[in-house]
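Below, each chain spelled out in residue letters.
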Amino acid sequence: MKNTLKAIIKILLIVFAVLYAGVAIFVTVCLLNLNKQRITELGDTSIVIVNDEFSSEYEKGDLLFIKKDKTEAAKIVAGDYIFFYNPGENNVINYAEVNNVIESNGNYTFVLNNNYNVYYDYYVGRNPYTLKAAGTVLEVLESQFGFLALIILPTLVAIIFEIYAIIIEVIELKREA
C-alpha cells in the first residue's frame with residue numbers, strides 16, 4: 001500500500017512538473033515575442049488578451065489566437081468583423097465591422113464606420129480561436145509580479161534545492177571514504 005501511494009505521489013509530481021515547465025516556457029515565449037503594441041506575435045498569429053468587451057462574442061479575460069493571413073484578408077467583405085490596431089492608442093486592439101474593402105496592388109484597406117480606414121499593416125485578423133477566461137491567467141503570469149512569483153521564484157527554489165542535494169551527497173561520500 002505504501003509503495004503504491006509513493007508511486008502515485010511521484011507520478012503526480014512528475015505531471016505537475018511537466019505542466020509547470022510547459023506553462024513557464026509558454027509565458028516566457030509570449031513575453032519574448034511582444035510587438036510594439038505589447039501584443040504577443042508568434043509568426044502570423046497574435047495572442048490577444050481581451051481587456052474590454054468587444055462585443056457579445058468576446059468577454060473580458062478571454063484569450064484570442066488571431067491569425068493574420070493575406071488570403072483570408074482577400075475574402076473579407078462588407079459586413080465582416082475584423083480585429084485591428086488603433087495607431088492612435090498604443091496598446092489597443094479594436095474589433096469593428098467592415099463597410100467596404102479597397103484593394104490596390106495586393107494591399108488592402110478596410111473602411112469601417114465613419115469612414116475610418118484600416119490599412120493592412122494594422123490589420124490583426126478575424127475569426128479567432130477563443131479560450132474563455134484564459135486571458136486573465138496569462139495576464140497575471142505576464143505581469144512583473146506574476147512572472148517573478150510564479151515562474152522565477154519556484155525555479156530558483158528548485159535550483160537551490162538541487163544544489164543542496166548535491167552538497168549533501170558530496171558530504172556523505174566524503175564520510176564514507
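Presented here is an overview of the structure given in this document. Starting afresh in each chain, residues are numbered from 1 along the sequence in its written order. Since the coordinates come from a predicted model, pLDDT governs what is reported: local features require at least 70, and pairs of side-chain atoms require 80 or more to be given and counted, while whole-chain, interface and lining totals use all residues. For the side-chain quantities, the full set of heavy atoms in the structure was used; hydrogens and water were omitted.

So, on to the overall build of the chain. Scanning the chain for helices and strands turns up four helices and nine strands. Elements are defined by DSSP. Helices are runs of H or I of four residues or more, strands are runs of E of two residues or more, and each kind is numbered from the N terminus. Listing every helix and strand of the chain by position from the N terminus yields α-β-β-β-α-β-β-β-β-β-β-α-α. Computed over C-alpha atoms, the radius of gyration of the chain comes to 24 Å, more than 25% over the 16 Å expected from 2.2 N^0.38 for 177 residues, which places it beyond the range of a compact globule. Along the longest, intermediate and shortest principal axes, the C-alpha atoms of the chain span 80 × 35 × 25 Å. Only protein chains enter the accessibility calculation, which uses a 1.4 Å probe; a residue is then buried when its area is under 20% of its type maximum, exposed when over 50%, and partly exposed in between. With 177 residues in all, the chain has 28% of them scored as buried. Residue contacts are defined here by distance: any two heavy atoms, one from each residue, within 4.5 Å place the two residues in contact. Considering only residue pairs separated by 6 or more positions, the chain has 52% of its internal contacts joining residues 24 or more positions apart. C-alpha atoms define the radius of gyration in this analysis, and the globule rule sets the expected value at 2.2 Å times the number of residues to the power 0.38.

Each pair of strands is called paired provided DSSP finds at least two bridges between the two strands. Pairing of strand 2 (residues 45-49) with strand 3 (residues 63-67) involves five bridges; the strand directions are antiparallel. Each bridged residue has a counterpart across the sheet, and for Ile47 the counterpart in strand 3 is Phe65. Across three bridges, strand 3 lies against strand 9 (residues 129-131) in antiparallel orientation. In the strand pairing of strand 9, Phe65 is matched with Tyr129.

In this section: helix 4 (residues 144-176). The span you would expect from a helix comes to 1.5 Å times its residue count less one. Its 33 residues place the ends of helix 4 47 Å apart at the C-alpha level, agreeing with the 48 Å of an ideal helix rising 1.5 Å per residue. Largest kink in helix 4: about 30°, centred on Ile152, with the proline Pro154 one to four residues after it. The inward-facing, buried residues of helix 4 contact helix 1 (2-32) and helix 3 (134-142). What is called the bend at a residue is the angle between a pair of axes, fitted to the seven residues leading up to and ending at it and to the seven starting from it.

With that out of the way, let us pick up the packing of helix 1 against helix 4. All axes here are fitted lines through C-alpha atoms, helices being fitted over the stretch that makes contact, and every angle between N-to-C directions spans 0 to 180 degrees. Between helix 1 and helix 4, the shortest axis-to-axis distance is 11 Å and the interhelical angle comes to 125°. What the angle tells us is that helix 1 and helix 4 run oblique. Relative to helix 4, helix 1 is oriented so that their crossing is left-handed. Where helix 1 abuts helix 4, its residues Tyr20, Ala24, Val27, Thr28 and Leu31 lie against Phe147, Leu150, Ile151, Pro154 and Thr155. Roughly parallel covers angles under 35 degrees, roughly antiparallel covers those over 145, roughly perpendicular covers 65 to 115, and oblique covers all other angles. Should the near helix be turned counterclockwise from the far one by less than a right angle, the crossing is left-handed, whereas a clockwise turn marks it as right-handed.

Here a salt bridge means any side-chain nitrogen of Lys or Arg lying within 4 Å of a carboxyl oxygen belonging to Asp or Glu. Per the stated rule, a full pass over the model turns up four salt bridges. For the salt bridge of Asp62 with Lys132, the shortest nitrogen-to-oxygen distance reads 3.3 Å. Taken together, the residues span a long stretch of sequence, with Asp62 in the loop between strand 2 and strand 3 and Lys132 in the loop between strand 9 and helix 3 at a distance of 70 residues. Residue Asp62 is classed as buried on the basis of its relative accessible area, which comes to 2%. Residue Arg126 is joined to Glu72 by a salt bridge in which the shortest nitrogen-to-oxygen separation is 2.7 Å. Placement of the pair is Arg126 in the loop between strand 8 (123-125) and strand 9 and Glu72 in helix 2 (residues 70-74), with a sequence separation of 54 residues. Among the ionic contacts, a cluster of salt bridges with common partners joins Glu72, Asp80 and Arg126.

The next point concerns the packing of aromatic side chains. The aromatic pairing rule takes the rings of Phe, Tyr and Trp, using the six-membered ring of Trp, and pairs them if the centres are within 6.5 Å, calling planes under 30 degrees apart stacked, those over 60 edge-to-face and the rest tilted. Applying the stated criterion across every chain yields a total of nine aromatic pairs. Ring geometry for Phe65 versus Tyr129: centroids 6.3 Å apart, planes at 45°, classification tilted. Placement of the pair is Phe65 in strand 3 and Tyr129 in strand 9, with a sequence separation of 64 residues. Residue classification places Phe65 among the partly exposed positions, given a relative accessible area of 22%.

Our focus in this paragraph is the nonpolar core. Most often, soluble globular proteins keep nonpolar side chains buried together rather than apart. Residue types Ala, Val, Leu, Ile, Met, Phe, Trp, Tyr and Cys, when buried and joined through side-chain atoms within 4.5 Å, form a set referred to as a nonpolar core. Ala73, Ile76, Ile82, Phe84, Ala96, Val98, Tyr108, Phe110, Leu112, Val118, Tyr120 and Tyr123 together form the largest nonpolar core, which totals 12 residues. Breaking this core down by element, the ones donating at least two residues are strand 4 (81-85), strand 5 (93-104) and strand 6 (107-112). The element best represented in this core is strand 6, accounting for three residues. In this structure, Ile76 is in contact with Ile82, Val98, Val101, Phe110, Tyr123 and Arg126, ignoring residues within four places of it in sequence.

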